[in-house]
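The primary structure of each chain is shown beneath.
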Amino acid sequence: MKKSFKITLVAAFAIFSLFSCGKKDSKDIEPVATPTTEEPYEESPIETPVATNDLQIESNDQMQYSVTELRAPAGKITLTLKHVGKMEKIAMGHNLVILKPGTDISDFTLKAVDAKDTDYIPASEKAKVIAHTKIIGGGESDVIEFTIDEPGTYDFICSFPGHVSMMKGKLIVE
Ligand SMILES: [Cu+2]
């Protein structure tokens, strides 16, 4: 709307200039303002997930989560992580770790590399974890329940070694 208003102003000014300068040839000069396409908000809306306390997210063999944003109302939340790939967890295992605000993600994942025995949740960093699934392989899934009462934005990551650069997102608690 703002854009077309601006165009109208430019067009009006152009027409005004044409008349006021009074050149004979001015009839041939077309105003510059050809309508441009409006931004197609209605045709391709930005996907904002609906807040739900029953969250579903998938992971695959391409080291990806199906979504990078989850939205839930404050309170008790159930989250299902489903690995839709085929690879075994030793090669392409995934988890989902929800971290407390202010956690240094690179420091966390660096320590997680050595924490294979505890599903890549380093014992020293447990206090920074709100909730986490276990590590799962292709065809598996895990369901966790946790409570977040404080509205805010929480990072979630896969702490399997090397995955965080591709596998991270935000959980928005409303
Ligand atoms: Cu992963």
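Rules used throughout
Residues numbered from 1 in each chain as written. Predicted model: local features only at pLDDT ≥ 70, side-chain atom pairs only at ≥ 80, totals over all residues. Heavy atoms only, no water. Helix = DSSP H or I, 4+ residues; strand = E, 2+ residues; numbered from the N terminus. Contact = heavy atoms within 4.5 Å. Areas by Shrake-Rupley, 256 points an atom, 1.4 Å probe, with all protein chains shown as cover. Core = buried A, V, L, I, M, F, W, Y, C linked by side-chain atoms within 4.5 Å. Buried < 20%, exposed > 50% of the residue type's maximum accessible area, 1.4 Å probe, protein only. Donors = N, O, S within 2.8 Å, 3.2 Å for Na, K, Ca; no water. Tetrahedral: all angles 85-135°; square planar, octahedral: opposite > 155°, others 65-115°. Pairing = 2+ DSSP bridges. Axes fitted to C-alpha atoms, helices over the stretch in contact; angles between N-to-C directions. Polar contact = N/O pair within 3.5 Å; in protein donor to acceptor, adjacent residues only side chain to side chain. Phe/Tyr/Trp six-rings, centres within 6.5 Å; stacked < 30°, edge-to-face > 60°.

The name an unreviewed UniProt entry gives the protein is Azurin, with Flavobacterium cheongpyeongense as the organism.

Peer 1: Is there a simple way to explain the overall build of the protein in this structure?
Peer 2: Scanning the protein from terminus to terminus reveals three helices and eight strands. Going residue by residue from the N terminus, the α and β elements of the protein occur as α-β-β-β-α-β-α-β-β-β-β. Summarising the internal contacts of the protein: among those between residues at least 6 apart in sequence, 66% fall at separations of at least 24. If you sum the accessible surface of the protein, you get close to 11,400 Å²; carbon and sulfur atoms cover 57% of it.

Peer 1: In this structure, what is going on with the nonpolar core? I would like to understand it.
Peer 2: In globular proteins that are soluble, nonpolar side chains generally tend to be buried together. In this structure, Ile 57, Tyr 65, Leu 79, Leu 96, Phe 146, Phe 156 and Leu 171 are the most contacted members of the largest nonpolar core, which totals 25 residues. With six residues, the next largest nonpolar core counts Phe 108, Ile 121, Val 129 and Ile 157 among its residues.

Peer 1: Explain the coordination of the copper ion to me, please; I cannot follow it from the model alone.
Peer 2: Four donors placed tetrahedrally about a metal ideally form angles of 109.5 degrees, and six donors placed octahedrally ideally form angles of 90 or 180 degrees. Note on the copper ion: its protein donors are His 94 (ND1), Cys 158 (SG), His 163 (ND1) and Met 167 (SD). The metal-donor distances range over 2.0 to 2.7 Å. Taken together, the four donor atoms coordinating the copper ion span angles of 81 to 133 degrees at the metal, a pattern that classifies the geometry as irregular. Read in sequence order, the donor residues coordinating the copper ion give the pattern H-x63-C-x4-H-x3-M. Highlighted residues: His 94 in the loop between α2 (89-92) and β4 (97-99) and Met 167 in the loop between β7 (152-157) and β8 (168-173), separated in sequence by 73 residues. You'll find His 94 and Met 167 in the same group, each marked buried.

Peer 1: Would you mind showing me how to read the sheet that holds strand β5 (residues 129-132) here?
Peer 2: To summarise the sheet geometry, strands pair through backbone hydrogen bonds and adopt either a parallel or an antiparallel arrangement. Pairing within the open sheet is mixed, and its five strands lie in the order β2-β8-β7-β4-β5. The outermost strands of the open sheet, each flanked by one partner alone, are β2 (69-72) and β5. Between one strand and the next, the sheet's axes are offset by a mean angle of 25 degrees, whatever the strand orientation. Bridge count between β7 and β8: six bridges; the pairing is antiparallel. Considered in β8, the bridge of Thr 153 is made with Ile 172. Here helix α3 (residues 105-112) sits on the sheet in contact with β4, β5 and β7, set at roughly 30 degrees to β7.

Peer 1: Could you clarify how one ought to interpret the side chain of Arg 71 in this entry?
Peer 2: Structurally, the position occupied by Arg 71 is in strand β2. Judged by its relative accessible area of 18%, Arg 71 is buried. Here Glu 69 takes part through its side chain, which lies 3.0 Å from a polar atom of the side chain of Arg 71. Those residues in contact with Arg 71 that sit more than four places away from it in its chain are Thr 48, Pro 49, Val 50, Ala 51, Thr 52, Leu 55, Leu 171, Ile 172 and Glu 174.

Peer 1: Got a minute to help me understand the packing of aromatic side chains in this structure?
Peer 2: One pair of aromatic rings is described through two measures. These are the centre distance and the angle between the planes. Evaluated as defined, the whole model comprises two aromatic pairs. Considering the side-chain rings of Tyr 65 and Phe 156, the 5.4 Å spacing of their centres and the 65 degrees angle between planes classify their relative orientation as edge-to-face. Taken together, the residues span a long stretch of sequence, with Tyr 65 in the loop between β1 (54-59) and β2 and Phe 156 in strand β7 at a distance of 91 residues. Its relative accessible area of 9% is what places Tyr 65 among the buried residues. The exposure class of Phe 156 is buried, given its relative accessible area of 0%. The interplanar angle of 65 degrees and the centroid separation of 5.2 Å between the aromatic rings of Tyr 120 and Phe 160 together place this pair among those described as edge-to-face.

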